[in-house]
Amino acid sequence: MDVIVLGGGLMGTASAFFLARRGARVTLIERRGIGTGATVASFGNIRRTGRYLPQLPLAHRARALWGQAADLLGRDVEFRATGHIRLIYDDKALSDMRAFADAARPWGLNLDELEPAEIQRRFPGLGPGAIAASFSPEDGSGNPRLIAPAFAEAAQKLGVRVIAQTSVGTISRTSGGFSVEADAGLIEAEALLNCAGAWGGRIAAQFDEPVPIEVLGPQMGVTEPLPHRILPVVGVWSSAAKDNVYFRQVERGNIVFGGGAPHVPVALDPGYAQTDPVTTPIQMRALIRLLPALRDVAVIRTWSGCEGYLQDMLPVMGASATTPGLFHAFGFCGHGFQLGPGVGDAMAELIITGRCETPLEGFRINRFAA
Ligand SMILES: Cc1cc2nc3c(=O)[nH]c(=O)nc-3n(C[C@H](O)[C@H](O)[C@H](O)COP(=O)(O)OP(=O)(O)OC[C@H]3O[C@@H](n4cnc5c(N)ncnc54)[C@H](O)[C@@H]3O)c2cc1C
């Protein structure tokens, strides 16, 4: 089978790789650089805690593949299963965490509950004043700069034709499938997979399936390097948006952080998200509660990224409801980094076999039609 994958972010590159492993002849078309959309901007959290429960089968599939990524891709993409801790500061958050943990257990996610003394013993300096924490030992982080280029390179080794930095013209339905105008000429295939991220709604609309998608930029930042002490990814259980910050310390010592402030609207053209200088001190105030050692640390860079958020905060994945041979995987609502390898594998399975062992029904594109 010939497949065109539109979009060379994590979803498109992973899909191209897994499609090629299943024997498809794939052309991956990315109009800018590979992995330069939302993927490179990601915080890099490989987190299952707090996820929408019916998404956990896909998240587990993804987590298993993150564990195999170095072998599959032939290079270290800095996936580290350091664990994911979420600190708890009040009784309401504690009961929310316990309710989630109970509900998630039958879905195959086991969270440990840590007492304050255990938090201090295992993670010195973290969360003074916290009354408890959840800990997900198998989660962690990966490097958002490395993952899409690694998938693209591995896909190329399997024969995928990768076309990047190209203008993309008309996308048409033809008698044999689809054609896409690119600088390299007209590319044709039986199947088309829309992995165009925040821009995916535009492609879907061309095939008469518009979706309510909002384009927003979550703001991140990074500090100067500090001695490397904090292993897990750190977050908070709180219903107050301003407290909901998260951070991780990369191996060279810098603290990467995000959350705690509203996302900023992004114009799809050109699709470059701006940062707001007001956001950083808001984030730092909340972060100091989690790690007081951050009080006198300099922030050296801030950034954001162009991400698509569907009205119900779930992605669009699956076959088109209007056009045979067209498939979608876009709009990952700020949580697609963890899912990426699983999305690629699941979409490849669906396209090649017509079925997917991981339930995707809840992500179908026509769920908004009613
Ligand atoms: C700041 C930030 C932090 C995040 N942090 C996390 C996190 O910690 N954990 C987590 O799980 N998720 C996180 N996310 C979400 C995650 O990064 C995204 O969900 C994921 O990377 C989306 O991948 P994608 O391939 O769908 O989109 P993208 O990476 O945006 O790729 C889409 C690509 O399609 C290309 N394109 C668009 N239109 C066309 C066209 N017509 N033809 C060809 N190419 C086209 C674009 O140029 C782009 O490269 C974060 C997102 C942001 C923005």
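Residues numbered from 1 in each chain as written. Predicted model: local features only at pLDDT ≥ 70, side-chain atom pairs only at ≥ 80, totals over all residues. Heavy atoms only, no water.

**Observations concerning the packing of helix 1 (residues 10-21) against helix 9 (residues 336-353)**
Argument step 1. Closest axis-to-axis distance for the helix 1/helix 9 pair is 8 Å, and the angle between their directions is 40°. For the element pair helix 1 / helix 9, the angle class is oblique. Helix 1 and helix 9 meet at a crossing whose hand is right-handed. Within the contact between the two elements, helix 1 uses L10, M11, A14, S15, F18 and L19 and helix 9 uses G336, F337, G340, P341, V343, G344, D345, M347, A348, I351 and I352. (Axes fitted to C-alpha atoms, helices over the stretch in contact; angles between N-to-C directions. Helix = DSSP H or I, 4+ residues; strand = E, 2+ residues; numbered from the N terminus. Parallel < 35°, antiparallel > 145°, perpendicular 65-115°, else oblique. Left-handed = near helix turned anticlockwise from the far one by under 90°. Contact = heavy atoms within 4.5 Å.)

**Remarks on the site of the ligand**
Argument step 1. Around the ligand, a shell composed of 34 residues is seen, among which E30, A38, T39, E307 and Q338 lie nearest.
Argument step 2. Take R31: an N or O atom from its main chain is 3.4 Å from a nitrogen atom of the ligand.
Argument step 3. Contacts to the ligand include A38, whose backbone N or O atom sits 2.9 Å from an oxygen atom.
Argument step 4. Relative to its unbound accessible area of 1000 Å², the ligand is 96% covered by the protein chains.
Argument step 5. Among the elements of the structure, helix 1, helix 2 (38-41) and helix 9 are those that each provide at least two residues to the shell around the ligand.
Argument step 6. For the shell around the ligand, a count of residues per class yields 16 nonpolar, 14 polar and 4 charged. (Near = heavy atom within 4 Å. Polar contact = N/O pair within 3.5 Å; in protein donor to acceptor, adjacent residues only side chain to side chain. Areas by Shrake-Rupley, 256 points an atom, 1.4 Å probe, with all protein chains shown as cover. Nonpolar A, V, L, I, M, F, W, Y, C, P; charged D, E, K, R; others polar.)

**Concerning the pairing of strand 21 (residues 316-319)**
Argument step 1. Direction of pairing for strand 21 relative to strand 22 (residues 326-330): antiparallel, over a ladder of 4 bridges. Its bridge partner being in strand 22, M317 is matched across the sheet by A329.
Argument step 2. Turn length for the strand 21-strand 22 hairpin, with the two strands adjacent in sequence and antiparallel, is 6 residues, and the turn residue G325 shows positive phi of about 90°. (Pairing = 2+ DSSP bridges.)

**A short note on the packing of helix 1 against helix 3 (residues 56-73)**
Each pair of packed helices can be described by the angle between their axes along with the distance between the axes.
Argument step 1. Packing of helix 1 against helix 3 brings their axes to within 14 Å, and their N-to-C directions diverge by 70°. When the interaxial angle is binned, helix 1 and helix 3 end up roughly perpendicular. Where helix 1 crosses over helix 3, the two elements pack in a sense that is left-handed. For the pair helix 1 and helix 3, contact is made by F17, F18 and R21 and by L65, L72 and L73, respectively.
Argument step 2. Tallied by class, the residues present in the contact of helix 1 with helix 3 amount to 5 nonpolar, no polar and 1 charged.

**Remarks on the domain arrangement of the protein chain**
Argument step 1. When its domains are assigned, the protein chain resolves into domain 1 (2-62 + 144-213 + 311-368) and domain 2 (84-137 + 219-304).
Argument step 2. For domain 1 and domain 2, the distance between their C-alpha centres works out to 29 Å.
Argument step 3. With 20 residues of domain 1 at the interface, the matching set in domain 2 holds 27 residues.
Argument step 4. With both chains or domains summed, domain 1 and domain 2 bury close to 1900 Å², and 61% of this area falls on carbon and sulfur atoms.
Argument step 5. Counting the surface domain 1 buries against domain 2, the share from its top three residues, F43, T49 and L53, is 38%.
Argument step 6. The tally of links from domain 1 across to domain 2 stands at 1 salt bridge. (Domains from an automatic or database assignment. Buried area = accessible area lost by both parts, 1.4 Å probe. Salt bridge = Lys/Arg side-chain N within 4 Å of Asp/Glu carboxyl O.)

**A look at the environment of S15**
Argument step 1. Along the chain, the position of S15 falls in helix 1.
Argument step 2. Residue class for S15 comes out buried when judged on its relative accessible area of 0%.
Argument step 3. Note: C-alpha distance between S15 and V26 (11 residues apart in sequence) is 9.5 Å.
Argument step 4. Dropping the residues within four chain positions of it, S15 is found in contact with L193, C195, V343, G344, M347 and A348.
Argument step 5. At 2.6 Å, the side chain of S15 and the backbone oxygen of M11 are in polar contact. (Buried < 20%, exposed > 50% of the residue type's maximum accessible area, 1.4 Å probe, protein only.)

**Quick look at the sheet that holds strand 21**
Argument step 1. The strand order 8-2-1-12-22-21 describes an open sheet built from 6 strands, whose pairing is mixed. Of all strands in the sheet, those bounded by a partner on one side alone are strand 8 (161-163) and strand 21. On average, adjacent strands in this sheet sit at an angle of 15° to one another, irrespective of strand direction.
Argument step 2. Inspection of the sheet shows strand 2 (residues 25-29) paired to strand 8 by 3 bridges, in the parallel sense. The partner of L28 across the bridge, within strand 8, is V162.

**Considerations on unusual backbone geometry**
Argument step 1. Each neighbour pair has its own omega, and for D269 with P270 the value is 5°, a cis peptide bond.
Argument step 2. Structurally, the position occupied by P270 is in the loop between strand 18 (264-265) and helix 8 (279-290).
Argument step 3. Backbone geometry places Q165, a non-glycine residue, at a positive phi of 50°.
Argument step 4. Relative to the helices and strands, Q165 resides in the loop between strand 8 and strand 9 (168-174).
Argument step 5. With relative accessibility at 58%, the residue Q165 sits in the exposed group.
Argument step 6. Backbone geometry at D208 places phi at a positive 60°, although glycine is not the residue there.
Argument step 7. Tracing the sequence through the fold places D208 in the loop between helix 7 (200-206) and strand 13 (213-217).

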